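Structural overview
Residue-level listing of the chains:
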Amino acid sequence: MKIYIRGLDDHRFQRPLELLAQLFFEDCNVSLDEIEDADLEIQFHLDEPKKAVSGELGKDIQSTTTYVEGKDEKESFKFKKKAVNFVFLTLLQDHTKIEQKWGILTGIRPTKLLHTKLKNGMTKEMAHNELRNDYLIHEEKIQLMQSIVDRQLKVIPDLYNLENEVSIYIGIPYCPTKCAYCTFPAYAIQGKQGAVDSFLYGLHYEMEKVGEFLKERGINITTIYYGGGTPTSITAEEMDLLYAKMHESFPNMKNVREITVEAGRPDTITPEKLDVLNKWNIDRISINPQSYIQETLKAIGRHHTVDETITKFHLAREMGMNNINMDLIIGLPGEGLKEFQYTLDETKELMPESLTVHTLSFKRASEMTQNKQKYKVADREEVQQMMNEATVWTEKHNYHPYYLYRQKNILGNLENIGYAVDGQESLYNILIMEEEQTIIGLGCGASSKFVHPGTRQITRFANAKDPKSYNDGYEHYTNAKIKILDELFSKK
Ligand code: SF4
């Protein structure tokens, strides 16, 4: 699908319009320059003196809105862009008869937008009116955002005042095998012991140096999260040494509010590793079924069985793990409402403390996207029905939504939602989504997000994604992060 936009010269409009168009059409390009083979043409009119934007799609579909002047050119353009997006969305909704429940929002953190409005002193009513009228967000999504924001503030009452602490993300880039939908840094671990040893050496180094800096500056850690890959792919002994290093290097470990270790792939879980997790008081683990249909797991290359998920869940329970998260994915290849309902029924047998319900997204680099024709997925309507089913099911079983994020190319323009029973929400997941404090990423594929304690400006820094580059450059990554941290925490 090619869309030609007349009447907009500023190319800063192009990318946001393209993101919106992609909510309606697969493989869609938007051009502000004339193209001959356009499938759709949209005429825009910008009336600068009146601060009005209007648009036409064919003879019958029109839309108009206005915007206000900002305090400088940057802000004025932001308001104008929002008005252009508003007109574009309403024209496409009218043309396709598809309603976008997230309105013109294409970003990944809708709840951050609501937090910001409330923090700036708006009442809930004023904030909701803006979301409804300026962003065209549907009421059900506004209510979802509000209930998540309320829960986050209940779970972390000092959420808006954690800027002088940090959280730590530790990336372990290995998995038993690589899943077809995966774009995480995940390398099959078999036969790579040499590389794993070097990787862990570099990771220990990063922990030690960053820990030293935090101790010197008296900076406390709020949460620690081990992700990847699958952090339980390494041996029990390696895990033991790693957590010992964490306790030795990081400041005031007794003040850390939560430590999570993703044990995502059930095929990596052993009694020895659970012993190690217990020994170091890991608060929370994830065991991820994704689906309870064996053929689906095979189709997406997860190479473990449904039985194994169930057995390892029970083993973890018996060995004292009392905060277990499970990830499910809506819309996996070959699955519809019936299969998802079955997965929910199976979940009921286990009742983990939290449940993260993802909607499948076709990430550009995944094997699944590159061979899309091989994978048959449910249509928009059925995906929506499955999401509705998840909402009803979680409500019925006393799970509350507590964080939410969206992704590009996600089926049905839906979202990923984390649910938890009362008091078992993951604090790290809230902190990473709402960007209220610095998250320092250590290890392979780990991104750091530095939030300036005063201005809240965000700076990002990424460690290498592949173990070889990480092993060659871990000292550089460590020094670069400490330099940013040094500037950040001295400029308060
Ligand atoms: S287990 Fe998770 S991180 Fe590993 S390959 Fe599969 S999706 Fe990727």
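Rules used throughout
Residues numbered from 1 in each chain as written. Predicted model: local features only at pLDDT ≥ 70, side-chain atom pairs only at ≥ 80, totals over all residues. Helix = DSSP H or I, 4+ residues; strand = E, 2+ residues; numbered from the N terminus. Contact = placed C-beta atoms within 7 Å. Pairing = 2+ DSSP bridges. Axes fitted to C-alpha atoms, helices over the stretch in contact; angles between N-to-C directions. Expected span 1.5 Å × (residues − 1). Bend = angle between axes of the 7 residues up to and from the residue. Buried ≥ 20, exposed ≤ 12 C-beta atoms within 10 Å, placed from the backbone.

For the protein chain, an unreviewed UniProt entry supplies the name Coproporphyrinogen III oxidase and the organism Gottfriedia solisilvae.

1. Brief notes about the environment of Ser 366
Within the fold, Ser 366 resides in the loop between strand S13 (354-359) and helix H12 (367-370). Sequence separation of Ser 366 and Val 261 is 105 residues, and the distance between their C-alpha atoms is 24 Å. In contact with Ser 366, other than residues within four places in its own chain, are Ala 180, Tyr 181, Cys 182 and Thr 183.

2. Structural notes on the sheet that holds strand S1 (residues 2-6)
On the basis of which strands lie adjacent, the open sheet formed by five strands has the order S2-S1-S3-S4-S5 and mixed pairing. The sheet is open, and its two edges are formed by strand S2 (29-31) and strand S5 (61-66), each paired on a single side. Strand after strand, the sheet turns through a mean of 20° between neighbouring axes, direction not considered. Of the strand pairs in this sheet, strand S3 (residues 40-47) and strand S4 (residues 52-57) are connected by six bridges, and their pairing is antiparallel. Its bridge partner lying in S4, Gln 43 is registered against Glu 56. The strands that helix H1 (residues 14-24) touches are S1 and S2; relative to S2, the one it contacts most, it runs at about 145°. Most of the contacts of helix H2 (residues 73-96) go to S5, to which it runs at about 155°, and overall it touches S3, S4 and S5.

3. Things to note about helix H15 (residues 467-490)
Here H15 contains 24 residues, and its C-alpha end-to-end distance of 32 Å stays within 8% of the 34 Å for a straight helix at 1.5 Å per residue. At Gly 473, H15 is bent by approximately 70°, the largest bend along its length. Those residues of H15 lying buried are Pro 467, Tyr 470, Tyr 474, Tyr 477, Thr 478, Lys 481 and Leu 485. In this fold, the buried residues of H15 make contact with strand S8 (187-188), helix H6 (193-217), strand S16 (438-443), strand S17 (447-451) and strand S18 (458-462).

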